[in-house]
Amino acid sequence: MHEWIAPALGVAVSPLPVAAMLLLLGGERAVAKGAAFWLAWVAGVAVPTAAFVLLAGRLEGNEDAVRAIAVGEIAVGILLVAVVLRHRLGGGRAGAEPAWLQALDRAGTTRAAALAVLLSALNPKNLALMLSGSLLAVETGDGEFAALGFVLVAVSTVSALLGWRVLAARRS
């Protein structure tokens, strides 16, 4: 019934956005940067999820659509394998700090928001999880409500970090 929870948890426990949010919340103007990151993260998860749910809902029951969705899922899988191979064979230096992580020290709210979109909506792994969760949400028959649940679970970790920081700022 709630098969969409597993893909949502996969998005929620992604280490890069959690690390990015922690670093943003540890710097100057932490709440402003964190809020910009959070808003863009929520949009970056919600918009593709809603689009996938709408598309899957329109195509549900159509034999050709089922075939098209299966081909799409295979294409996403191939894309993920290609990303892994590129990373492994591309000579990425082990232990090297990613450039985006270094840029967080100089990040303003615009850069924080752009990073959130990059880590959510433009991340192949998250897109695959959003597609999977959306298809599972439509299969339950509660497409829109299940998609809302998916988004709430998927953004829970980043939301909790920002909430914690806001509460901590009010106490001091």
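Residues numbered from 1 in each chain as written. Predicted model: local features only at pLDDT ≥ 70, side-chain atom pairs only at ≥ 80, totals over all residues. Heavy atoms only, no water.

### Some remarks on the overall build of the chain
The test is simple: Helix and strand assignments come from DSSP, with helices taken as H or I runs of at least 4 residues and strands as E runs of at least 2, each series counted from the N terminus. Burial classes: relative accessible area under 20% of the type maximum marks a residue as buried, over 50% as exposed, and values in between as partly exposed (1.4 Å probe, protein chains only). Contacts are residue-level and defined by heavy atoms, with any inter-residue pair within 4.5 Å sufficient. With residues, only the protein chains shown are counted as cover, and all accessible areas are computed by Shrake-Rupley using a 1.4 Å probe.
Scanning the chain for helices and strands turns up nine helices and zero strands. Ordered by position from the N terminus, the helices and strands of the chain form the series α-α-α-α-α-α-α-α-α. Counting the 172 residues in the chain, one finds 32% classified as buried. Long-range pairs, those at least 24 residues apart, make up 84% of the contacts in the chain between residues at least 6 apart in sequence. Of the roughly 10100 Å² that the chain leaves accessible, carbon and sulfur atoms contribute 67%.

### Some remarks on the nonpolar core
Cut-off, in case you're wondering: In this description, a nonpolar core means a group of buried Ala, Val, Leu, Ile, Met, Phe, Trp, Tyr and Cys residues linked to one another through side-chain atoms lying within 4.5 Å.
Counting residues in hydrophobic clusters, the biggest one holds 27 residues, and the most contacted among them are Met21, Phe37, Trp41, Val45 and Phe150. Elements represented by at least two residues in this core include exactly α1 (5–12), α2 (15–25), α3 (30–59), α6 (109–120), α7 (124–139), α8 (143–154) and α9 (156–171). The residues touching Phe150, leaving out its near neighbours within four places in the chain, are Trp4, Pro7, Ala8, Val11, Val45, Thr49, Leu129, Met130 and Gly133. In terms of nonpolar packing, the next biggest core, distinct from the first, is built from six residues, Val53, Ala56, Val138 and Ala147 among them.

### Observations regarding α6
An α-helical segment advances 3.6 residues per turn. Residues three or four places apart therefore align on the same side. Test applied: Multiplying 1.5 Å by the helix residue count minus one yields the expected span of that helix. The directions considered for the arc are those from the helix axis to the C-beta atoms.
Over its twelve residues, α6 extends 16 Å from the first C-alpha to the last, a length consistent with the 16 Å expected when each residue adds 1.5 Å. Buried residues of α6: Ala112, Leu115, Ala116, Leu119 and Ser120, and no others. Take α6 and look down its axis: the buried residues cluster within an arc of 120°, on one side only.

### Focus on the side chain of Lys33
The condition that has to hold: Asp and Glu count as negative and Lys and Arg as positive, but His and the ends of the chain are not part of the count. Only one rule defines a salt bridge in this text: a Lys or Arg side-chain nitrogen within 4 Å of an Asp or Glu carboxyl oxygen. Polar contact is the term for a pair of N or O atoms within 3.5 Å; when the atoms are in protein, one must be able to donate a hydrogen and the other to accept it, and sequence-neighboring residues count only if both atoms are side-chain atoms.
Structurally, Lys33 can be placed in helix α3. One buried charge, Lys33, has no salt-bridge partner; the nearest side chain with opposite charge is Glu28, at 6.2 Å. A polar contact is formed between the side chain of Lys33 and the backbone oxygen of Glu28, at a distance of 3.3 Å. Residues within four places of Lys33 in sequence aside, it is in contact with Leu24, Glu28, Ala107, Gly108, Thr109 and Ala112.

### Let's talk about unusual backbone geometry
Here the phi dihedral of Arg29 falls at roughly 50°; this positive angle occurs in a residue that is not glycine. Structurally, Arg29 is set in the loop between α2 and α3. In this structure Arg29 comes out as exposed when scored by relative accessible area, which is 53%.

### As for the side chain of Asn123
Locating Asn123 in the fold gives a position in the loop between α6 and α7. At 2.9 Å, the side chain of Asn123 and the backbone nitrogen of Lys125 are in polar contact.

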